[in-house]
Amino acid sequence: MDTRLKELREDNDLSQKQCAKIAYISKNSYIRYENGERTPPLDAIKAFAEYYNTSIDYIAKLTDIKKPYPKK
């Protein structure tokens, strides 16, 4: 998950501080998630998935398909 968050952040030219604001967390918490020191909670992962228009599974490395799932 850590490398996906960094990859998505860099692909979107965002700072770690900007990413922390997306999920309403501290910059230090985001850095720990990105470095693999901690696992982000589901609400933070959901916020990132919605912001980046991808799936939670992609962020969690359960799939390599970046495209989000269709809404039912």
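Structure first, text after, so check above.
Scope of this entry: the structure provided in the associated data block. (Residues numbered from 1 in each chain as written. Predicted model: local features only at pLDDT ≥ 70, side-chain atom pairs only at ≥ 80, totals over all residues. Heavy atoms only, no water.)

## Thoughts on the packing of aromatic side chains
Any pair of aromatic rings gets described here by the distance separating the centres and the angle formed by the planes. Inspection of every chain in the model, using the stated rule, returns 3 aromatic pairs. Relative to phenylalanine 48, the ring of tyrosine 30 lies with its centre 5.7 Å away and its plane at 65°, an arrangement referred to as edge-to-face. In this pair, tyrosine 30 sits in helix α3 (residues 27-34) while phenylalanine 48 sits in helix α4 (residues 42-52), placing the two residues 18 residues apart along the sequence. The exposure class assigned to tyrosine 30 is buried, which follows from its relative accessible area of 0%. (Phe/Tyr/Trp six-rings, centres within 6.5 Å; stacked < 30°, edge-to-face > 60°. Helix = DSSP H or I, 4+ residues; strand = E, 2+ residues; numbered from the N terminus. Buried < 20%, exposed > 50% of the residue type's maximum accessible area, 1.4 Å probe, protein only.)

## A look at the packing of helix α1 (residues 2-11) against α3
At a closest axis distance of 7 Å, the pairing of α1 and α3 adopts a crossing angle of 115°. Seen from α1, the contacting residues are Asp2, Leu5, Lys6 and Arg9; seen from α3, they are Tyr30, Tyr33 and Glu34. Looking at the contact of α1 with α3 residue by residue, the class counts come to 3 nonpolar, no polar and 4 charged. (Axes fitted to C-alpha atoms, helices over the stretch in contact; angles between N-to-C directions. Contact = heavy atoms within 4.5 Å. Nonpolar A, V, L, I, M, F, W, Y, C, P; charged D, E, K, R; others polar.)

## Things to note about the nonpolar core
Formed by 17 residues in total, the largest nonpolar core has its most connected members in Leu5, Cys19, Tyr30, Phe48, Tyr52 and Ile59. Taken together, the elements giving at least two residues each to this core come down to α1, α2 (16-22), α3, α4 and α5 (56-59). Per element, the largest residue contribution to this core is 6 residues, and it comes from α4. (Core = buried A, V, L, I, M, F, W, Y, C linked by side-chain atoms within 4.5 Å.)

## Things to note about the side chain of threonine 54
Of note, threonine 54 is situated in the loop between α4 and α5. Taking the relative accessible area as the measure of exposure, threonine 54 reaches 7% and is therefore buried. Setting aside residues up to four positions removed in sequence, threonine 54 forms contacts with Leu8, Ala49, Ile59, Lys66 and Pro68.

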